[in-house]
Every structure is written in structure tokens, then in C-alpha cells.
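Here's the letter readout for the chains.
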Amino acid sequence: MGLLTILKKMKQKEKEVRLLMLGLDNAGKTTILKKFNGEDINTISPTLGFNIKTLEHRGFKLNVWDVGGQRSLRSYWRNYFECTDGLIWVVDSADRMRLQDCKQELHSLLLEERLAGSTLLVFANKQDLPGSLSSEDIRKTLDLDNIKSHHWRILPCSAVTGENLLDGVDWIIDDIASRIFTMD
Amino acid sequence: MTERLQKRDDKRKLNIENKKEDREAPIREKCEHFHDNLSKEIDEIERDVSRSSSLTKTELIDHFDGLTVRLQKAQKFLSEATLFLPSYDISKATESLSKLQNMLQDKRNELMPKKKFAFKSKKASEGDGKKTKNLSTKDDAHKKSTKNEPCILADCKFVDEDGKNLSMDPSQINQKDVALARLKHCVVKLYGSPSAIHVNELEDCKIFCGPVSGSIFIRECKNCVFILSCQQLRIHTTEFTNFYIHVTSKAIIEDSHDVQFAPYNWNYPGIAEHFKLSGLDKERNNWDDIDDFNWLAVDAHSPNWSLVAPEQRKNWDP
């Protein structure tokens, strides 16, 4: 095997992007994943454990890990941190009572050493609900402007209508690619 | 390029090295180290919690936030230790941490009662600007008489009511999200098909609701009866409560006990139309298939939930 072959192999491998999707329970993580993948979203049960999906998108191989958000599962999130290129944090924009919980969980995640260097995309989900907060409100409440440790962006979205899901994923891939795949 | 390869390789080697060291450390020593550290931290947090009463209001916020962070760290410490700890030790440690969590929560509620609506008061106290301050004062005014006034918290809601019969009709709630919070001794009837419902802190209430196209999230309820149909149902920290449900996916409970389930049996003129609007499958009802997130054993039934015996099921007026 020549050097070129090795390099090619590495490059192929590096076109793989590992995305970790977290957030409080009822945020809509699984629904986002399934909607993005074009699957039926009407039969989704609360996630006991996790879902993994491998998607092809714009020539990238996306390994998306969707881990359940119930309180009893959150202590297991750490098992999925390794090798994460991008973190997608999903927020139920209509769940005003738990936004402080949401903020705390997010900020303690960002202290994680193994997530250092990953790109953060915040989805202000459930924009289809009339009572949902705008992404602007969520940005303030979650104190995103104080995040200096990660590249981040917040986008309003709706897993039900599909609004902005593609834009969000495109952004996170672009950001990751500009950091990692400099060879192109 | 080669530099990057080299770096990767170094990192990998370092990782392997670290893991090796981890494995070689004798497990007993780790356990002792764990117990010493955890009990020390628990003692310290406990002491700080009991010291809270002597602080001023402004100090309290930081004080409690700091304690919460420390508690979380302790929890993380524990979850990392689950790799080598015997299961008895894990459950012991979990228990003392959750006790501490409750103690902290109680103290917080006692000293900063407004804090319950953490989202608003926090925002105001951080002085995020005039606009949010205005909002929160307006919200305070609304807390006293929420009915028939425009909502600030959500489009449709009932908050802070006691001993009332409340209802909303389809024109108010169809395809909207509804919030119910801090109700006592109330009967709530929601005629129509909302998109989602968030329920917090109800006591001795009866809640009736038409078909919900999305999810219902319930937290901290006691001695209630819910008659609901929806796609997803999540029940947290709830006790002594009965659920008459139509759920097309699977309902879950967490940190709950003494909850019972029966099939959905509310009927009112127009409900068939609302079922159509919600898109729920009427033929598909998993009312008796509940996941308990605190009970992962497959070979034994969770002690936290059961079914209402057919002869004990109640019937309701529209």
C-alpha cells in the first residue's frame, strides 16, 4: 500500500462526521432525526436509550447519535462524547417552565473536555406551535452569547414542518468541514 | 499533513496509555477514594445549604446556583464511578445525592419562593434590559387574574387557580399549545385538538382533553385524574394519579409512583371531528404499555404503575 492509498483512505474516513444530538426530553430530537431522514414521524415513542442513523448528505457521511433526554438518562450522555465533531442541542421552544433546566444542562455540557472543539448548533424547535418562544428569546435565556469555547449558532426550526432542518445541518457540516477537512 | 498524522498518532498513544493506567489501578482503592471524596463533598454542600438562611437576597441566587453546579459535579463524579462501583454502593450514593438535591430544592423554595417561575424572575434579576423587566411585572399582574386576558407565558393557559371549573373551546385551542400550571382542586375541560400541552404542578385536579396531535408533558402532579389522548405522553415526578389515555406511541413515566392507567373514555359532541383534525389513529391505542424510566428490568413489572381494574373505571359527563 503506497502513501497515496493511505492518504486516500484517511480522507475517505475523514469525510465522516459524527453528530451528537442532545437536549431535554420532549425537545423533539428523534423527530428531527426522522424528519431529516424522510421517515414517518407519527409513531415516535419517547427514546429509551438511543438511536443511531448514518446518512449521506452532500458527499458527507453523517453519523447522527440521538440520545434520550429523560433525567434518568442524562448521566449516560457522557458515554457518547468521544469523537464528536458537532453537537446539536435541541430545545422545546414552548416549554417555558424548563428553560432554566435546559440552560444548566447545556452549559455543563460545554465544560466537557471531550466536547471541546466541537461545533454547537442550537435548534429552537417547535416553532410551529403558536406559543413557542422565538430563537432570539431562547438565545437570551440560554445565555448563548457567553459561549466563547465553541463555534455556535442558533436556528429556529420545526421538526413537524421540516423548516430550517436542512439549513441547520448544512451550517454545522460547513463549520466542521472548514475546521477538519482542510485538504479539499 | 505529516504533522497532523503525527499528532493524531501521539494522541492515540496517549489515550491507550491513559486507559492502561486506569485499568491497572486497583479497584478497591478507587472505591475508597470515591467514597471519601463523595461523602466529603456531600457534607460540605449540606453545610452550605443550611447556611443559606443567613444570606441576603442578592447573594442567594449565586449561592444556590453555585450549589447546584457542585451538586451536578458530584452527580457526574458518581456516574463516572458507576464503571467500577458495586451496584449497592451506586444506589446508596444515588439516594444520598437525591436527598441532598431535595434539600437544596426545599431550601431554595423556602428562601426564594418566586424562583419557581425561574425563567421570568431570573431574567429580570439579571437585568437583561428594560423590555424583559416590563414583561415580568406585567406577568406578575397576570398571575392574579389570568382568565380572559391575553397571555404572556403562552397563548392558552390556566395558571394559579383554586377550586374552579375551567374550560376552553375549539376556537381557542385548536392547533395551539396549551399550558396548565399550579392549579388546585380544579376541573379543566379542553374541548378541541391542541398541538401540545405542558402541565406543571397540579393538585387534586381533573383534566379532560380532546385529541392532541403532538405530545403532552406532565410534571409534579398529585392526586389528579387525567383523561387525555395524544401521540406522546411523558409523566414525571407524579404520584397518586390516574390516567385515562389514548396514546398512539408509548407513554412513559419517570420518578413517579402510584400512577394507574385505563383506556380513554371521554366523549363530547364533535370529538370525532377533532380526532380527524389531530391525525391520531383511533384504532391504535397503547394505553396499557408504559415505559418506566426508573425500572429497566424486563423480567419484572414496575412497582410504580398499574392498570385500573375494569370495574373501577369511572365514566364521565361530556
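Source: prediction; values computed, not measured. (Residues numbered from 1 in each chain as written. Chains lettered and ligands numbered in written order. Predicted model: local features only at pLDDT ≥ 70, side-chain atom pairs only at ≥ 80, totals over all residues. Heavy atoms only, no water.)

Some remarks on the pattern of salt bridges
Residue and element names in this part refer to chain A.
Piece 1. If you walk through the whole model with that rule in mind, you get 26 salt bridges over all chains.
Piece 2. A salt bridge links D25 to R98; the shortest N-O distance between them is 2.9 Å. Of the two residues, D25 is situated in the loop between β1 (16–22) and α2 (29–36) and R98 in the loop between β4 (86–92) and α4 (99–110); the sequence distance between them amounts to 73 residues. For the residue pair D25 and R98, the accessibility class agrees, reading buried in each case.
Piece 3. A single salt-bridge network, built from bridges that share partners, covers D25, R74, D95, R98 and E105. (Salt bridge = Lys/Arg side-chain N within 4 Å of Asp/Glu carboxyl O. Helix = DSSP H or I, 4+ residues; strand = E, 2+ residues; numbered from the N terminus. Buried < 20%, exposed > 50% of the residue type's maximum accessible area, 1.4 Å probe, protein only.)

Points about the sheet that holds strand β5 (residues 119–125) of chain A
Backbone hydrogen bonds are what pair the strands of a sheet, in a parallel or an antiparallel way.
All names here are of chain A.
Piece 1. Taken in spatial order, the 6 strands make up an open sheet running β2-β3-β1-β4-β5-β6, and their pairing is mixed. Looking at the sheet topology across the chains shown, the edges are occupied by β2 (50–57) and β6 (152–156). Across the sheet, the axes of successive neighbouring strands diverge by a mean angle of 20°, strand direction being ignored.
Piece 2. Pairing of β1 with strand β3 (residues 60–67), which is carried by 6 bridges, proceeds in the parallel orientation. Of the residues in β3, the one forming a bridge with L20 is W65.
Piece 3. Against the sheet, α4 engages β1, β4 and β5, with an angle of about 170° to β4. (Pairing = 2+ DSSP bridges. Axes fitted to C-alpha atoms, helices over the stretch in contact; angles between N-to-C directions. Contact = heavy atoms within 4.5 Å.)

Concerning helix α4 (residues 87–111) of chain B
Piece 1. If you check α4 of chain B, its first and last C-alpha atoms are 36 Å apart, about what 25 residues at 1.5 Å a residue would give, namely 36 Å.
Piece 2. Along α4 of chain B, the residues classified as buried are D89, A93, L97, L100, L104, K107, R108 and L111 of chain B. (Expected span 1.5 Å × (residues − 1).)

Remarks on the interface of chain A and chain B
Piece 1. In this complex, chain A contributes 43 residues to the contact, which on the side of chain B involves 49 residues.
Piece 2. In total, about 3,800 Å² of surface goes out of reach between chain A and chain B, with carbon and sulfur atoms giving 53% of it.
Piece 3. Considering only the surface of chain A that becomes buried against chain B, P46, R96 and M97 of chain A emerge as the three largest contributors, covering 17% of it.
Piece 4. Between K76 of chain B and E112 of chain A there is a salt bridge; the shortest N-O distance is 3.1 Å.
Piece 5. For the side of chain A that touches chain B, the secondary structure elements donating two or more residues are α1 (3–14), α3 (71–74), α4 and α5 (135–141) of chain A.
Piece 6. Element by element, the count of residues in the side of chain A that touches chain B is highest for α4 of chain A, at 6 residues. (Buried area = accessible area lost by both parts, 1.4 Å probe.)

Description of the pairing of strand β6 (residues 206–222) of chain B
Residues and elements named next belong to chain B.
Piece 1. For β6, the buried fraction is high: 13 of the 17 residues fall into the buried class.
Piece 2. Across 4 bridges, the pairing between strand β4 (residues 187–190) and β6 is parallel. Opposite V188, over in β6, you have I207 as the bridge partner.
Piece 3. Two elements, strand β5 (residues 196–203) and β6, share 6 bridges in a ladder whose sense is parallel.

Some remarks on the UniProt feature "binding site: Mg(2+)" (unreviewed entry) in chain A
Piece 1. Residues annotated in UniProt with the feature "binding site: Mg(2+)" (unreviewed entry) correspond here to T30 and T47 of chain A. Judged by maximum C-alpha separation, these annotated positions cover 18 residues in sequence but sit close together in space, the widest gap being only 7.5 Å.
Piece 2. Along the chain, T30 of chain A turns up in helix α2.
Piece 3. T30 of chain A gets classed as buried once you look at its relative accessible area, which sits at 9%.
Piece 4. With respect to the helices and strands, T47 of chain A occurs in the loop between α2 and β2.
Piece 5. T47 of chain A gets classed as buried once you look at its relative accessible area, which sits at 11%.
Piece 6. The contact partners of T47 of chain A, leaving out residues within four places of it in the chain, are T30, D66, G68 and L73 of chain A together with F293 of chain B.
Piece 7. Side chain to side chain, T47 of chain A and T30 of chain A meet in a polar contact 2.8 Å long. (UniProt positions renumbered as here; feature names shortened; annotations may be inferred. Polar contact = N/O pair within 3.5 Å; in protein donor to acceptor, adjacent residues only side chain to side chain.)

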